[in-house]
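Coordinates in review
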Amino acid sequence: METSSQDKPMMTGDRTIPPEGARYITIHIMGQAYEIPETLTILKALEFAGFQYKRGCGCRGGICGACGTFYRKEGDHTLHTGLACQTVAEDGMILAQLPFFPANRADHAGVDKDLSPDEQINTLYPEIFRCVGCGTCTRTCPMDIDVMGYIAHFKRGDVARGAETSFDCIMCGLCVSRCPANISQMNVAMVGRRIFAGQMTPRSEATKSRADQVREGRYEPALAELAQMSKEELKALYVGREREPDLSKPGEWMPADTTNL
Ligand code: SF4
Ligand code: SF4
Ligand code: FES
C-alpha cells in the first residue's frame, strides 16, 4: 500500500517545511513506500513520513552514532550504509534503521594491568586474530575510518596507531553488524584508545593539578553560590560572561578575572 505524506502535519520540533513546488520522491521505509520532498536527509524524511524519534537519537550532526542506516537503491545490488542525519534521501531508496546492534564488550576494567598494552587488548579481544582482511568494515564505515587498518594495528601490537586511526569512531555499530569474523571493532578501538591515553601517554601535570584542586574543594564555594542563584541571575551571568576570542593563539589571552584559574 502506498502512503502519501504530503498533507501530514510535521511531527517534531525540527520542522521540515517543503518549499512551494517542491519535487516529491518515493522512498521505502521498512518496506512501506512514502512520498517525501527531495533534498531531505533520511532522518528528516523519516520524520516527514510520520515517524517520531522518542529515544536514542541523537545529535543530528553526525557525532552521536545513533542513526546508522542500511539502504539499497532500486536497480543497485549494493547494500549501502550511512548516517540518517547526514545522508540525503534519494528517489527509490529502500532503507532500514540500525538503532542498536549487539556488540561484544569485554570487561575492560578487569584486565590485568601488568600486561603490556597490546597483551591487554589481545586478552580482552582475542577474536581480532580471526580477521580475514575482507575490508567490509572499512567500506561500511560512515566516518571513512580505515577500520580494517586499525584492527590490523592492534593485531600487530601497535596500540598507538590503532588508537590514532580509530579516533573518529562514533560507535554507530555498522561495522560490527557486517563483520564475518564477529569482531566488535568499535569496542576493540575504544579500549585501545583508553589504554593508549591512560597507560602510554605522559601524565599532564596541569590536568593533575587541576584535578587535585577540584578534589580538595577549591570550587565548592563558587558552585554553592551558583546553586543559590535564580534562573534569571544565572542567565544574566551566562550572557555577561567574559569570552575567549575565537581566534586567539594559545597563551595569548587571559581573562581579566583569574579568581577561578
Ligand atoms: S569486517 Fe571483520 S573480518 Fe573483515 S576486515 Fe573488518 S574486522 Fe576483518
Ligand atoms: S568504526 Fe565502526 S562503529 Fe566506528 S564509526 Fe566506523 S562503522 Fe561506526
Ligand atoms: S543523529 Fe547523531 S550521528 Fe546522526
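Everything quoted here is computed from the prediction, not taken from an experiment.

A few words now on the site of ligand 2. The environment of ligand 2 is made up of 14 residues, and the closest members are Cys141, Cys169, Cys172, Cys175 and Met186. Sorting the residues of the shell around ligand 2 by element identifies α6 (174-178) and α7 (185-200) as the ones contributing at least two each. Here the shell around ligand 2 is composed, by residue class, of 11 nonpolar, 3 polar and no charged.

The subject of this paragraph is the pairing of strand β4 (residues 68-73). Both β4 and strand β5 (residues 80-83) contribute to a ladder of 4 bridges, which runs antiparallel. Within β5, the residue paired with Gly68 across the bridge is Leu83. Connecting the antiparallel pair β4 and β5 is a turn made up of 6 residues, with Gly75 showing a positive phi of about 80 degrees. Sheet analysis places β4 next to strand β6 (residues 93-98), joined by 6 bridges and oriented antiparallel. Within the sheet, the bridge partner assigned to Thr69 lies in β6 and is Gln97.

Bringing the domain arrangement of the protein chain into the picture now. One frequent convention defines the size of an interface as the accessible area lost when the parts assemble. In terms of domains, the protein chain is made up of domain 1 (2-98) and domain 2 (108-200). For domain 1 versus domain 2, the separation of C-alpha centres amounts to 31 Å. In this complex, domain 1 contributes 8 residues to the contact, which on the side of domain 2 involves 8 residues. A total of 3 residues in the side of domain 1 that touches domain 2 trace back to one element, the largest contributor, which is β5.

With that settled, the discussion passes to the packing of helix α2 (residues 117-124) against α7. Contact pair α2 / α7: the axes reach a minimum separation of 10 Å and the direction vectors enclose 155 degrees. One finds that α2 runs roughly antiparallel with respect to α7. In terms of crossing hand, the pair formed by α2 and α7 is right-handed. Contact with α2, carried on its side by Pro117, Gln120, Ile121 and Leu124, involves Val188, Val191, Gly192, Ile195, Gln199 and Met200 of α7 and no other residues of that element. Here the residues of the contact of α2 with α7 are counted per class, giving 7 nonpolar, 3 polar and no charged.

Where strand β2 (residues 24-29) lies against strand β3 (residues 32-37), 6 bridges are found, and the strand directions are antiparallel. Bridging from a neighbouring strand, Thr26 pairs with Glu35 of β3. Counted between consecutive antiparallel strands, the loop separating β2 from β3 contains 2 residues, among which Met30 sits at a positive phi close to 50 degrees.

Parameters and conventions
Residues numbered from 1 in each chain as written. Chains lettered and ligands numbered in written order. Predicted model: local features only at pLDDT ≥ 70, side-chain atom pairs only at ≥ 80, totals over all residues. Near = placed C-beta within 6 Å. Helix = DSSP H or I, 4+ residues; strand = E, 2+ residues; numbered from the N terminus. Nonpolar A, V, L, I, M, F, W, Y, C, P; charged D, E, K, R; others polar. Pairing = 2+ DSSP bridges. Domains from an automatic or database assignment. Contact = placed C-beta atoms within 7 Å. Axes fitted to C-alpha atoms, helices over the stretch in contact; angles between N-to-C directions. Parallel < 35°, antiparallel > 145°, perpendicular 65-115°, else oblique. Left-handed = near helix turned anticlockwise from the far one by under 90°.

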